[in-house]
Amino acid sequence: MNDPGQRHPQVSAPARFLYDFDNLLLSHHDRSRVITDGLRRQNVKPHGPVPRLVLLDGFTAATWTFATAHDPATLTVHPFAPLSALDRDA
């Protein structure tokens, strides 16, 4: 039987959209397990506003915004680097 604590190397985590005050970023002392250099380059202040983040395979890969000024609402993803077709689909 497989250990549920071990992750299969070929199984990726689904894409996640984190909100500004998401617990993952605010309550963990060591955020290095999810924060990438792409986010560090965004000059996010440790005690300032946290952007809305997209996690791909468990790591920060983009920010996102949501506009409701016009119908329909628009979700826009701002990747830190070009995304593969597989990541875009996720």
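Scroll up to find the structure this text is about.
A brief look at the structure comes next. (Residues numbered from 1 in each chain as written. Predicted model: local features only at pLDDT ≥ 70, side-chain atom pairs only at ≥ 80, totals over all residues. Heavy atoms only, no water.)

## Here's the deal with the packing of aromatic side chains
Line of reasoning, step 1. For the coordinates displayed, the defined rule picks out two aromatic pairs.
Line of reasoning, step 2. Pairing F17 with W64 gives two aromatic rings, centres 6.1 Å apart and planes at 75 degrees, and the pair type is edge-to-face. Residue F17 is found in strand β1 (residues 16–18), and its partner W64 is found in strand β3 (residues 59–67); the two are separated by 47 residues along the sequence.
Line of reasoning, step 3. The exposure class assigned to W64 is buried, which follows from its relative accessible area of 10%.
Line of reasoning, step 4. Ring geometry for Y19 against W64: centres 5.9 Å apart, planes inclined by 55 degrees, an arrangement best described as tilted. In this pair, Y19 sits in the loop between β1 and α1 (23–26) while W64 sits in strand β3, placing the two residues 45 residues apart along the sequence.
Line of reasoning, step 5. One aromatic cluster is present, formed by F17, Y19 and W64 through successive ring pairs.
Line of reasoning, step 6. The ring of W64 has R52 sitting right over it, with the charged end atom 5.0 Å from the ring centre. (Phe/Tyr/Trp six-rings, centres within 6.5 Å; stacked < 30°, edge-to-face > 60°. Helix = DSSP H or I, 4+ residues; strand = E, 2+ residues; numbered from the N terminus. Buried < 20%, exposed > 50% of the residue type's maximum accessible area, 1.4 Å probe, protein only. Lys NZ or Arg CZ within 6 Å of the ring centre and 35° of its normal.)

## Topic: the environment of G38
Line of reasoning, step 1. On the secondary structure map, G38 appears in helix α2 (residues 37–40).
Line of reasoning, step 2. Residue G38 is classed as buried on the basis of its relative accessible area of 7%.
Line of reasoning, step 3. Separated by 41 residues in sequence, G38 and P79 have C-alpha atoms that sit 8.7 Å apart.

## Comments concerning the sheet that holds β3
Line of reasoning, step 1. The sheet built from four strands is open, its strands ordered β1-β2-β3-β4 with antiparallel pairing. Each end of this open sheet is capped by a strand with a single partner; those strands are β1 and β4 (74–79). Direction aside, neighbouring strands of the sheet carry axes that sit 30 degrees apart on average.
Line of reasoning, step 2. Pairing of strand β2 (residues 53–56) with β3, which is carried by four bridges, proceeds in the antiparallel orientation. Each bridged residue has a counterpart across the sheet, and for L56 the counterpart in β3 is F59. (Pairing = 2+ DSSP bridges. Axes fitted to C-alpha atoms, helices over the stretch in contact; angles between N-to-C directions.)

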